[in-house]
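Letter by letter, the chains look like this.
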Amino acid sequence: MLPPPDIPAAAVPQSPSSLTAIDLAGIRSLTDVGAMTRLLHQLIAHQRSLDLSLSSLSPLSLPSLPSLSSAADESNHLLSSLSSTASLADAVSAPVRSLDLAQRNVMETALVIDDMEEKGRCFEEVEKGVREGEYEAAARGVKRWLEIDERVREGEGGGEGERERLLQYKRELEGVVRGRVAEAVERGEGEEVVRFVKVFPVLGLEEEGLQVYVNYMKKVISMRSRMELDQLAESIENSYVNTIGYSKQVDFVGCLTTLFKDIVMAIEENVDILRSLCGEDGIVYAICELQEECDSRGPLIVKQYMEYRMLGKLASEINSYTKSLLSVGNVEGPDPREIELYLEEILSLTQLSEDYTEYMVSKIKGLSSIDPELGPRATKAFRSGSLSKVVQDITGFYVILEEFFMVENVRKAIRIDEYAPDSLTTSMVDDVFYLLQSCCRRAISTSNINSVLAVLSGASNLLSNEYLEALQQNMREPNLGAKLFLGGAGVAKTGAEIATALNNMDVSSEYVLKLRYEIEEQCAEIFPAPADREKIKSCLSELGEMSDSFKQALNAGMEQLAATITPRIRPVLDTVATISYELSEADYAENELNDPWVQRLLHAVETNAAWLQPFMTTSNYDSLVHLIIDFIVKRLEVIMMQKRFSQLGGLQLDRDTRALVSHFSGMTQRTVRDKFARLTQMATILNLEKVSEILDFWGENSGPMTWRLTPADVRRVLGLRIDFKPEAIAALKL
């Protein structure tokens, strides 16, 4: 059955099987009371049909479900409670929200009023500042007014007029500040410049202010450097009056120092101002701009120095002198003393430049808030600027002069070599190595890797050629033995000369290693780059090889000296061959009272070798004694292998060997026992009671002793005993 026309169809409930919801919107649209009444009756009838349907369900089929009617009652009660609570909350919170909104509106209005009053005060401050010349206060007023105006935009009318007037004042103020700072720069009034430059960032003209102030800094430095250059030119002009051609009054180093100092102080003293203008980027900008001034003035100073000292001409003279010296001989070259003065001046100039560059680069790297691309670009400007290039040019002259100075002075040290009192070496050794040390230190101080490599190479060539030749000169005497033992006795003068020549080689081998280690340590501090260290290491290896060369020459000289002494000892050794070791107890006792040969041999050694000890270094004298021991031991082994021994003879050999070891141990600081090891082991074998006792000392039973005799040697020594049977010796399993 369809509802009446005035009741919306959607508002009427359908059959129970199809009903899902009531269209509330349709119900709200009803306007006729009769229609509403009919709809209410229909809904009540529908509710009753639902209640009957629910009651028809068996309670036994749903034992776990609670009563739906009780659940509905509880739900309605809960809904009623929540509704009343919500109504109460709305009733309480509505006035609070209203009050909060009103308060916020009041506060915003108050802030606007405060801002308007503040703008008024700022405007008055601007007017007063412009009128009375208080430009800093006026600038602060402009800045503050504009900040407030950004927050509070007024409507059309008077507000816009006030803004236009304020901007007009701002433009007027900018013009005045620009004019006043320009006047201050022109007059050189630093305090006024700083005063007005500080106004620029307040007016929002940070970059312009930075440019103005940096230009002022450049102008001040330019004026000071121009004055320094004028004074330098005047000093140069006055110095030409001197016939020598140079004067200590011309202070190029001082002039360059002043330039660098002015730039550094300009940065350090104005860091705060530069940072206030454009942050740390402003500091980098100032450094780069002042470096342009440095690249303009610095090269002029260095070039004037090169022209004044005529380094180009001097380098040509040195090259010509070197070529003429090779082809002609005695040719007069530049004075090394004058060259040394130039070297010290060049070193001072290059060190100043390097120290200045390092300081500025480290200053830039120490800034943490700069543009990432700005730092590397500024650093590159220092390394590739005009100053850096002219320093490279003067460094090239330095290498030529340093090599000439080093060669000439080494040759002079060799030429005037003399024996120094109370010294075991001649003057040449200390002079040459002091000179090489000074030259290498000076090269390292330039902080130029190519200069260091060139000087190191030159030092190695000098040591391996001219110096080594001079060391060996005194040892090339063909009749060394005759001169050393003139008339059968040692000649002190000749002995001192020979010993000193050998000492020169010994000390030189030590000095060259010390020089290498010192250079290596200094270079490690100055040149941290791995590639540079490898180059230096390669050069220094040549100095290490020179130490080996000196030692080889020393060994040859020591062998030559020993060869002049051993022939005077040999006759005593030859008498040992006539002495019998087939001793009885009476013979053994007699030998204990009257030594047959050992003391005569030791006396011969003392007479022919010990007198040289005061003239020789400890190392050289020890080497000489050991060479003599080698000769004696070798000869004694040959002689003893040709003798026959009794057991007491073996005991006598042991006593003789011990006496030799004891005496020679007192002659040298090195151990000598190993030299006599074979003789000592021969005496041990010859002291055995029977052949088989050797097994108590051989192989696994040897203990700490290392046998120097081979099994064949042992059998041969056992065969020297007159009472040992060959069959027993042959049966030994060694």
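Residues numbered from 1 in each chain as written. Predicted model: local features only at pLDDT ≥ 70, side-chain atom pairs only at ≥ 80, totals over all residues. Heavy atoms only, no water.

Trainee: How do you make sense of the overall build of the chain when you look at a structure like this?
Mentor: A count of helices and strands for the chain gives 26 helices and 0 strands. Here the chain, with 734 residues, has 41% of them falling under the buried criterion. Residue pairs at least 24 apart in sequence account for 78% of intrachain contacts in the chain once pairs closer than 6 positions are excluded. By element, 54% of the accessible surface of the chain is carried by carbon and sulfur atoms, the whole surface being about 39,900 Å². (Helix = DSSP H or I, 4+ residues; strand = E, 2+ residues; numbered from the N terminus. Buried < 20%, exposed > 50% of the residue type's maximum accessible area, 1.4 Å probe, protein only. Contact = heavy atoms within 4.5 Å. Areas by Shrake-Rupley, 256 points an atom, 1.4 Å probe, with all protein chains shown as cover.)

Trainee: Looking at this structure, how should I read unusual backbone geometry?
Mentor: Working note: non-glycine residues mostly have negative phi, and peptide bonds are mostly trans. Despite not being glycine, Met310 shows a phi value in the positive range, around 50°. Looking at the secondary structure, you find Met310 in the loop between α10 (271-308) and α11 (311-327). One non-glycine residue, Asp422, lies in positive phi territory at about 60°. With respect to the element layout, Asp422 can be found in the loop between α14 (386-415) and α15 (427-445).

Trainee: For this particular structure, what's the right way to read the packing of helix α20 (residues 585-593) against helix α23 (residues 647-667)?
Mentor: Angle between the axes and distance between the axes are the two parameters that describe a pair of packed helices. The interhelical angle for the contact between α20 and α23, taken along N-to-C directions, is 15°, at an axis separation of 10 Å. Accordingly, the angle class assigned to the pair α20 and α23 is roughly parallel. Seen from above, α20 lies across α23 with right-handed handedness. The segment α20 lies against α23, with Glu585, Tyr588, Asn591 and Glu592 engaging Leu648, Leu651, Gln652 and Arg655. (Axes fitted to C-alpha atoms, helices over the stretch in contact; angles between N-to-C directions. Parallel < 35°, antiparallel > 145°, perpendicular 65-115°, else oblique. Left-handed = near helix turned anticlockwise from the far one by under 90°.)

Trainee: Even after reading the chapter, I still don't get the packing of α15 against helix α18 (residues 492-526), so can you show me in this structure?
Mentor: As a packed pair, α15 and α18 sit with axes 11 Å apart at the nearest point and diverge in direction by 10°. Classified by the angle their axes make, α15 and α18 are roughly parallel. Side by side, α15 and α18 meet where Met428, Val429, Asp430, Phe433, Leu436, Gln437, Cys440, Arg441 and Ile444 of the first sit next to Asn504, Val507, Ser508, Tyr511, Val512, Leu515, Glu518, Ile519, Gln522, Cys523 and Ile526 of the second. A class-by-class count of the residues in the contact of α15 with α18 yields 13 nonpolar, 4 polar and 3 charged. (Nonpolar A, V, L, I, M, F, W, Y, C, P; charged D, E, K, R; others polar.)

Trainee: Help me understand the confidence of the model for the chain in this model?
Mentor: As a note on interpretation, predicted positions should not be read in detail where pLDDT is low. With 78% of its residues at a pLDDT of at least 70, the chain reaches an overall mean of 82. Scored below 50 in pLDDT, residues 1-21 makes 33 contacts in the model with residues more than four places away or belonging to other chains. In this model residues 243-247 is a low-confidence stretch, pLDDT under 50, and it forms 9 contacts with partners more than four residues away in sequence or in other chains. (pLDDT = per-residue confidence, 0-100.)

Trainee: What's the story with the environment of Glu693 in this structure? I'm lost.
Mentor: Within the secondary structure layout, Glu693 lies in the loop between α24 (677-686) and α25 (711-718). A polar contact of 3.1 Å, which involves the side chain of Glu693, links it to the backbone nitrogen of Glu689. (Polar contact = N/O pair within 3.5 Å; in protein donor to acceptor, adjacent residues only side chain to side chain.)

Trainee: Just checking my understanding: could you explain the pattern of salt bridges for this structure?
Mentor: Any two side chains of opposite charge can pair, given that their charged atoms come close. The final tally for this structure, using the stated rule, is 26 salt bridges. A salt bridge links Glu280 to Arg275; the nearest nitrogen and oxygen atoms lie 4.0 Å apart. One salt bridge in this structure joins Lys493 and Glu497, with 2.6 Å as the shortest N-O distance. Of the two residues, Lys493 and Glu497 are both situated in helix α18; the distance of 4 residues between them amounts to about one turn of the helix. By relative accessible area, Glu497 is classed as partly exposed at 25%. Here the residues in one salt-bridge network are Lys218, Glu289 and Glu292, joined through shared partners. (Salt bridge = Lys/Arg side-chain N within 4 Å of Asp/Glu carboxyl O.)

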